[in-house]
Amino acid sequence: MAESPSPSSSSDTRPVPEGRIEKVTDGWVLAFDKQLDYPTAHIWDVLTNPQKVEQWLGPVHPDWELGKEYTLEKGGSGVSGTVLQLNPRSSLQISWDDELGEESVLDWQVLESDGGSLLTFRAHSDTADFLAEGSAGWQGIMGAFAAVAAGNAPPEEEPGSWEALRDAYSREFDVSPTMGKVVENPDGRSLEFERWYRAPAEDVRAAVEASSGNLGIGEEAVTEVRDDGGPAKLHVRQRVEGGSVEDTAALMAAWHLALDSAAIRLQGSTPHPNSHRLRALEALYRATL
């Protein structure tokens, strides 16, 4: 049955994914193709001029140069990488290493098209981790790029729009959300996670119970697994009323790691504690809170 719009919204205002998530032999690809009514020289300038890049992506140091490493400030955190390919007015390829140690390869191509330019973007990743979140984020970045190309400031993000777009990507391309969130409920604040696993519901429950127990969490949480013929959808909810930002971030990081470990168990492997990733997740959730 089709979902009915809520009284406060309409189907016309629901976020629509502009990108595509594709499964390939060696991982996943996020793809965007954006037609822009400007010459390729102008689009290339917006793509590579550090002053323009800062407006739609973030401050990059030093300038992108073939074979050289760079750092980029993004959303209160930093990424780094290497410029792998730089063909003037044509193509840019960089590696992208985030604060969690996740690595991807990003490709931009600038092509003449319909009297203007076609900007293509591809993000290559080994795993589906953060794929729904990354898709929503890059759609916003592509929109910011178009605004800067037109000589405008990037649009302000409306409250809740990123999360709604993340969920739209999850539904359309059948990929699990990854990050947890803090929700205000009538009975107080709670952290919530939703994860999708391709395994029987009873196996998911057992894997999550084992993984959360190993990290000393889970006793105060309410977990539910829905299995409606597709992937089993796990929902975790735990009250965090009165907790400090640091305590809440630490608990969310622990749950995030536990749910990652559950996926490893369901694949028949043994998860191993990773204190570096746990600290990086704590920093990520502190920033979001």
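As the structure is a prediction and not an experimental result, all values here were calculated from the model. The numbering scheme is per chain: residues are counted from 1 as the chain's sequence reads. Under the rules for a predicted model, residues below a pLDDT of 70 receive no local features and side-chain atom pairs below 80 are neither given nor counted, while totals for whole chains, interfaces and linings still include all residues. As a convention, hydrogens and water are excluded, and side-chain values are obtained from all of the structure's heavy atoms.

### Section: the overall build of the chain
A count of helical and extended segments in the chain gives seven helices and 12 strands. Relative to the globule expectation of 19 Å for 289 residues, the C-alpha radius of gyration of the chain, 20 Å, shows essentially globular dimensions. In terms of its C-alpha atoms, the chain occupies a principal-axis envelope of roughly 60 × 45 × 40 Å. The contact definition used throughout considers only heavy atoms, calling two residues in contact when any of these lie within 4.5 Å. Expressed as a percentage of contacts within the chain between residues at least 6 apart in sequence, the contacts between residues at least 24 apart total 57%. As displayed, the chain offers around 15400 Å² of accessible surface, 48% of which is attributable to carbon and sulfur atoms. Here a strand is any run of E in DSSP of at least two residues, a helix any run of H or I of at least four, and the numbering for each starts at the N terminus. The reference for a compact globule is 2.2 Å times residues^0.38; the radius of gyration itself is calculated from the C-alpha atoms. For accessible areas, the Shrake-Rupley method is used with a probe of radius 1.4 Å. Any residue's cover is judged against the shown protein chains and nothing else.

### Structural notes on the pairing of strand 11 (residues 222-226)
Direction of pairing for strand 11 relative to strand 12 (residues 232-239): antiparallel, over a ladder of five bridges. Residue pairing for strand 12: Glu-224 is matched across the bridge by His-235. The turn linking strand 11 back onto strand 12 is made up of five residues, and Gly-229 within it adopts a positive phi angle of 100°. A pair of strands is considered paired only if DSSP assigns at least 2 bridges between the two.

### Points about the sheet that holds strand 1 (residues 20-24)
Here eight strands make up an open sheet; going across it, the order is 1-2-8-7-6-5-4-3 and the pairing antiparallel. This sheet does not close on itself; its edge strands, each paired only once, are strand 1 and strand 3 (60-61). Pairing of strand 7 (residues 103-113) with strand 8 (residues 116-125), which is carried by 10 bridges, proceeds in the antiparallel orientation. Residue pairing across strands places Trp-108 opposite Phe-121, the latter belonging to strand 8.

### Re helix 7 (residues 275-288)
An expected span of 1.5 Å times one less than the residue number is assigned to each helix. For helix 7, spanning 14 residues, the distance from its first C-alpha to its last is 20 Å, which sits close to the expected 20 Å at 1.5 Å a residue. Throughout, exposure labels follow a simple rule: accessible area from a 1.4 Å probe, protein chains only, divided by the maximum for the residue type, with under 20% read as buried, over 50% as exposed, and the rest as partly exposed. Of the residues making up helix 7, those classed as buried are Arg-277, Ala-280, Leu-281, Leu-284 and Tyr-285. When helix 7 is viewed along its axis, its buried side chains cluster within an angular range of 135° and face the same direction. Pointing more than 90 degrees away from the buried face of helix 7 are the exposed residues His-276 and Arg-279. We call two N or O atoms a polar contact when they sit within 3.5 Å, provided that within protein one can donate a hydrogen and the other can accept it, with sequence-adjacent residues counted only if both atoms are side-chain atoms. At the N-terminal boundary of helix 7, the capping side chain belongs to Asn-274, with an oxygen 3.2 Å from the backbone nitrogen of His-276. Taking the helix axis as origin, the arc is that swept by the directions to the C-beta atoms.

### Overview of the nonpolar core
We define the nonpolar core as a collection of buried residues of types Ala, Val, Leu, Ile, Met, Phe, Trp, Tyr and Cys that are connected through side-chain atoms lying within 4.5 Å of one another. In terms of nonpolar packing, the biggest core is built from 41 residues, with Trp-56, Leu-57, Trp-64, Ile-94, Trp-96, Trp-108 and Trp-138 touching the most fellow members. Broken down by element, the residue count for this core peaks at 11 residues, all from helix 3 (residues 131-149). Apart from the residues lying within four places of it in its own chain, the contact partners of Trp-108 are Leu-47, Trp-56, Ser-90, Ser-91, Leu-92, Ile-94, Leu-119, Thr-120, Phe-121 and Trp-138. Phe-130, Tyr-197, Met-252 and Ala-258 belong to the second largest nonpolar core, which has 32 residues in total.

### Notes on the packing of aromatic side chains
Each aromatic pair joins two rings of Phe, Tyr and Trp (for Trp, the six-membered one) with centres within 6.5 Å, and gets the label stacked for planes under 30 degrees apart, edge-to-face for over 60, and tilted for any other angle. Summed over all chains, the structure comprises 11 aromatic pairs. A ring pair is formed by Trp-64 and Tyr-70, whose centres lie 6.1 Å apart and whose planes are at 90°; its orientation type is edge-to-face. Residue classification places Trp-64 among the buried residues on the basis of a relative accessible area of 9%. With centroids separated by 6.4 Å and ring planes inclined at 35°, the aromatic side chains of Trp-64 and Trp-108 adopt a geometry described as tilted. Pair noted here: Trp-64 is in the loop between strand 3 and strand 4 (69-74) and Trp-108 is in strand 7, with a separation of 44 residues, a long-range link. A single burial state applies to Trp-64 and to Trp-108, both of which are buried.

### Quick word on unusual backbone geometry
Following His-61, the chain continues into Pro-62 via a peptide bond in cis, with omega recorded as -20°. Tracing the backbone shows Pro-62 in the loop between strand 3 and strand 4. In this structure, Asp-114 is a non-glycine residue whose phi angle is positive, near 50°. Position of Asp-114 relative to the elements: it lies in the loop between strand 7 and strand 8. For Asp-174, which is not glycine, the phi torsion reads 55° and is therefore positive. Structurally, Asp-174 is set in the loop between helix 4 (161-173) and strand 9 (181-185). You can call Asp-174 partly exposed: its relative accessible area is 35%.

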